[in-house]
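A structural walkthrough
The lines below spell out each chain.
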Amino acid sequence: MNSNPSTLCASFFEDFTITERASDCPTCLYFGVHCLGNFHTRKPVHQDGKNMSVVGRKRKIQCLTPSKSRSDKLLNEELGKARNSEGKLSERLTELARKDEFTVSINRVDLVFPIEEHHGVNLAPLTTAAILSYGQAKQGSLGIPSSFRDPTVKEVPTTNYHLLQTNSESAFQKSHAFQSTFIACPHTHCMELSSSGKKIFHMPSAVDKSGMSASNDNTAKPDVAGLIMPKMMELKTDRTAPKRKASETKPKSYCYDVLLQAVDRLVVGSDIRGYYSRFTCDAISSCNAYITSLTVDADGKRHIDISRISHNDINKLWVVQTQYAIAHPEYYVSEDATAIIDALLAFNIQWNVCRVSRVASSSSRVYFVTLPDEDGQLPLHKKPAFAMKINPNMPRFDNEVRALRDIAAQYKRVGLEHYALAYYRRSAGETPSNGMLDDGDYFTELIRNQTPIPLPGRGGVDKLPSQSTPKATKTTWYLHCSGDRKRSAGVLFLHVGTYEPRKERHCSAKHIQKDLIDCFEQVMQAGWLQTDLRTDNILYFNRLQRWCIIDYDLAVCTRDGDTKVTLKPGSARANACGGRLEMLLCTSSGGEVTVDWTILTEMAMLIKFCVKIGEKETSIISE
């Protein structure tokens, strides 16, 4: 695209009539402004489809980009260079959207992001967003069914948020108007603020033993956090706003700062608490109020919605969301939530201060778990302590546990440590069980040396009279997901692995080939064949300082005498054989083939894979 706006904008006629809006003008896209020929203005103009007309005296409108050199400089400016709040919010949303797992919408209408690399999204839909009614926000933004009862007048506190026009955030938090209404209300179930009015710890990003941190560089702390679900509130003073209520049709000021902070709270929350499927944060200034929500689907894709609401509905929406969370906790947590928490509790790990991040998803899901350090702090740069692999297919899980137990024992006989640490098993109608897969001291010492951090705030959540739900406390609410609790799940505790080691020598073909051959030898000595050797199933473990073959849920045991493997042509597992199944000793049935998997078959796959690694390195060097 030509970056000169003068060649892209529509003609500017003597009668001030514009035949077509230049929607592809890069300057318009960058600033989110209206384009008038060779000139640009932030002043709204009358629109009729694609045609615009401006009525006024024959005068030039000053261009925001007066020269080509200035225009080129702005258009080539890298993201992260915005100088105002609107630009920073635009850049942040654009940055998130360019990650494949994020989408963004305003009032449930998806934002369209520019293709150009250096352009931020146009925030015009945000500044013109209408205020949603209570019912629209309840059903659309929060996803609560209309049939769920609304809170009564006595259950909803009355808080004057327009006091933010005269008070700072901390002064407002400590004010009698806020403490005696929102904080003191038994139906909001939020944490009390500290005596200093500082923000209270709600998520384990960077906290000390008192649950507070003065640093804003490595933590995200909203002003108010709910005890029973990831529900937060961000308040922002707006002393320059007109001292009157916002219009019901058009906002008087745009609180980009508070929205930017609210979006960051949601993203950080989803990054460090992977067992949630929904997060919400109220972004409030004196003249504007928004609900920002983040939902995570089964594939790990994340969607952010920003919905404008009335100040009169803030507390009512908070209360109805709290009540719905108590009645239907499974709506706010992922399908792996109770499996993760039950597994951590089985080994006496304080789950409520762990950082749990989802890193991979296929037939099984993988999470990284980070524990606080000796000082009780959990900075964002701290490395994960271990990984958790969750497999809902119990026959496959049982097969993998059996294989890993034998392989770990073989590694111990030769004086090496294995990547598998422990397991937890939960199946419907059976008593949950857990055990160690490796006799090393790493996992045991990790549990013994963890720093206990109490969660501040109220002692718990009382059962609502109108709900037949169990009493939930700050540490057990997640465990009352009855529907999720009945789902079978197996959890493996593993060392943390990576596809890309930091040291270049560990990435060499020679190094990888040697480690894979050694691993193949130990697995074979243990009496197992992995049967699914491909790029996705090898990882480098920094603690072990070597590459390992992983994923033994489809492995076969040579001691059993039955090494039949069923393959589906075209699958990743079949393609790992080179797609030449006819060369293997196999029989076909129903579109699938049954292979008699022997040591020679496994060895042939290993040789083929090692050759492929060597060829890949050779091609990179030649380039």
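Residues numbered from 1 in each chain as written. Predicted model: local features only at pLDDT ≥ 70, side-chain atom pairs only at ≥ 80, totals over all residues. Heavy atoms only, no water.

1. Overview of the overall build of the protein
For clarity, the cut-off: Helix and strand labels come from DSSP, where a helix needs a run of H or I of at least four residues and a strand needs a run of E of at least two; each type is numbered from the N terminus. Residue burial is assigned from relative accessible area. The probe radius is 1.4 Å, only protein chains are included, and a residue is buried under 20% of its type maximum, exposed over 50%, and partly exposed in between. Whether two residues are in contact is decided by their heavy atoms: any pair within 4.5 Å suffices. Each accessible area value is a Shrake-Rupley result obtained with a 1.4 Å probe; residue values ignore everything except the protein chains displayed when judging cover.
A tally of regular secondary structure across the protein gives 16 helices and 26 strands. Counting every position in the protein, which comprises 623 residues, the buried fraction comes to 52%. When contacts within the protein are restricted to residue pairs at least 6 apart in sequence, those whose partners lie at least 24 apart make up 66%. A total accessible area of about 29,000 Å² is found for the protein, and carbon and sulfur atoms account for 51% of it.

2. A closer look at helix H8 (residues 256-272)
So the rule is basically this: To estimate the expected span of a helix, count its residues, drop one, and scale the result by 1.5 Å.
A rise of 1.5 Å per residue sets the reference length of H8, with its 17 residues, at 24 Å; its end C-alpha atoms lie 24 Å apart and thus fit the reference within 8%. Counting buried positions along H8 yields 14 of 17 residues, so the element is predominantly enclosed.

3. Comments concerning the sheet that holds strand E21 (residues 538-541)
Spelled out, the test is: A pair of strands is considered paired only if DSSP assigns at least 2 bridges between the two. As a rule, the C-alpha atoms of each element are fitted with a line to give its axis, helices using only the stretch in contact, and angles between N-to-C directions run from 0 to 180 degrees.
Taken in spatial order, the 3 strands line up as E19-E21-E22 in an open sheet, and their pairing is antiparallel. At either end of the open sheet lies a strand with only one pairing partner, and these are strand E19 (497-498) and strand E22 (546-549). Inspection of the sheet shows E21 paired to E22 by 4 bridges, in the antiparallel sense. From the neighbouring strand, isoleucine 538 faces E22, where its bridge partner is isoleucine 549. Running over the sheet, helix H14 (residues 509-525) touches E21 and E22 and is turned about 50° from E22.

4. Digging into H14
The condition that has to hold: The arc in question is the one spanned by the directions pointing from the helix axis to the C-beta atoms.
Over its 17 residues, H14 runs 24 Å from end to end, which matches the ideal 24 Å to within 8%, given 1.5 Å per residue. Within H14, the full set of buried residues consists of Ala509, Ile512, Asp515, Leu516, Cys519, Phe520, Gln522 and Val523. The arc that holds every buried residue of H14, seen down its axis, measures 165°, which confines them to one face. In H14, the exposed residues that point more than 90 degrees away from the buried face are Lys510 and Lys514. Following H14 by one or two positions, glycine 527 has its phi on the positive side, about 90°.

5. A short note on unusual backbone geometry
Peptide bonds are mostly trans, and most non-glycine residues show a negative phi. Its identity as a non-glycine residue notwithstanding, asparagine 107 has a phi of 50°, on the positive side. Residue class for asparagine 107 comes out buried when judged on its relative accessible area of 17%. In the Ramachandran plot, arginine 108 falls in the positive-phi region, its phi being about 70° despite a non-glycine side chain. The residue arginine 108 is located in the loop between strand E6 (102-106) and strand E7 (109-110) in this model.

6. As for the nonpolar core
The line we're drawing: In this text, buried Ala, Val, Leu, Ile, Met, Phe, Trp, Tyr and Cys residues form a nonpolar core when linked through side-chain atoms within 4.5 Å.
If you look at the biggest cluster of nonpolar residues, it comprises 63 residues, and the most contacted ones within it are Ile349, Phe386, Met388, Phe443 and Phe493. Setting aside its immediate chain neighbours within four residues, phenylalanine 443 contacts Phe347, Ile349, Phe386, Leu421, Ala422, Met436 and Phe493. Listed in part, the 47 residues of the second largest apolar core include Tyr411, Leu437, Leu544 and Val593.

7. Overview of a nonpolar patch on the surface
Selection rule: What goes into a patch is any residue over 30% in relative accessible area without a salt bridge, connected to like charges within 9 Å or, for nonpolar side chains (Val, Leu, Ile, Met, Phe, Trp, Tyr), within 5 Å. A pairing counts as a salt bridge when a side-chain nitrogen of Lys or Arg comes within 4 Å of a carboxyl oxygen of Asp or Glu.
The grouping of Ile599, Met603, Ile607 and Val611 at the surface amounts to a nonpolar patch, some 310 Å² of accessible area in total. Mapping valine 611 onto the fold places it in helix H16 (residues 599-622).

8. Points about the packing of helix H11 (residues 394-413) against H14
How we decide: Relative orientations are named as follows: roughly parallel for angles under 35 degrees, roughly antiparallel for angles over 145 degrees, roughly perpendicular for angles from 65 to 115 degrees, and oblique for any other angle. Helix crossings get a hand from a simple test, with the near helix turned counterclockwise from the far one by less than a right angle marking a left-handed crossing and a clockwise turn marking a right-handed one. Side-chain classes are defined by residue name, with Ala, Val, Leu, Ile, Met, Phe, Trp, Tyr, Cys and Pro counting as nonpolar, Asp, Glu, Lys and Arg as charged, and the others, Gly among them, as polar.
In the contact formed by H11 and H14, the axes pass within 8 Å of each other and the chain directions differ by 110°. When the axis of H11 is compared with that of H14, the two are roughly perpendicular. At the point where H11 passes H14, the crossing takes the right-handed sense. Listed contacts from H14 to Ile407, Gln410 and Tyr411 of H11 are Cys519, Gln522, Val523 and Gln525. In the contact of H11 with H14, the residues fall into 4 nonpolar, 3 polar and no charged.

9. A closer look at the sheet that holds strand E13 (residues 355-361)
The 6 strands are arranged E13-E14-E15-E18-E16-E17 in an open sheet whose pairing can be described as antiparallel. Strand pairing shows two members of the sheet lacking a second neighbour, E13 and strand E17 (433-436), which therefore form its edges. When the angles between neighbouring strand axes are averaged without regard to direction, this sheet yields 20°. Pairing between strand E16 (residues 420-426) and strand E18 (residues 489-494): 6 bridges, direction antiparallel. Its bridge partner being in E18, arginine 425 is matched across the sheet by glycine 490.

10. Some words on the packing of aromatic side chains
Heads up, the condition is: Aromatic contacts are taken between Phe, Tyr and Trp rings whose centres are within 6.5 Å, Trp giving its six-membered ring; a plane angle under 30 degrees counts as stacked, one over 60 as edge-to-face, and the others as tilted. By definition here, charges over rings are those cases where NZ of Lys or CZ of Arg is within 6 Å of the ring centre and within 35 degrees of the ring normal.
Going through the model one piece at a time under the given rule, you end up with 18 aromatic pairs. With 5.1 Å between their ring centres and 70° between their planes, phenylalanine 347 and phenylalanine 493 make a pair best called edge-to-face. Placement of the pair is phenylalanine 347 in the loop between helix H10 (337-346) and E13 and phenylalanine 493 in strand E18, with a sequence separation of 146 residues. Judged by relative accessible area, which is 8%, phenylalanine 347 ranks as buried. By relative accessible area, which is 0% here, phenylalanine 493 ends up buried. Consider the rings of tyrosine 419 and phenylalanine 541, whose centres lie 5.1 Å apart with planes at 15°: the pair is stacked. Here phenylalanine 541 lies in strand E21 and tyrosine 419 lies in the loop between H11 and E16, a separation of 122 residues in the sequence. Given the relative accessible area of 2%, tyrosine 419 is considered buried. Taken together through their ring pairs, the aromatic side chains of Tyr161, Phe172, Phe178, Phe182 and Trp318 make up a single cluster. Taking NZ or CZ as reference, lysine 316 lies 4.1 Å from the ring centre of tyrosine 134, over its face.

11. Observations regarding the confidence of the model for the protein
The condition is simple: You can read pLDDT as the predictor saying how much it trusts each residue, on a scale of 0 to 100.
Overall, the prediction assigns the protein a mean pLDDT of 74, with 69% of residues at 70 or greater. In this model, residues 1-77 is a region of pLDDT below 50 whose contacts with residues beyond four sequence positions or in other chains number 130 contacts. Counting interchain partners and residues more than four positions distant, the pLDDT-below-50 stretch residues 456-470 has 40 contacts.

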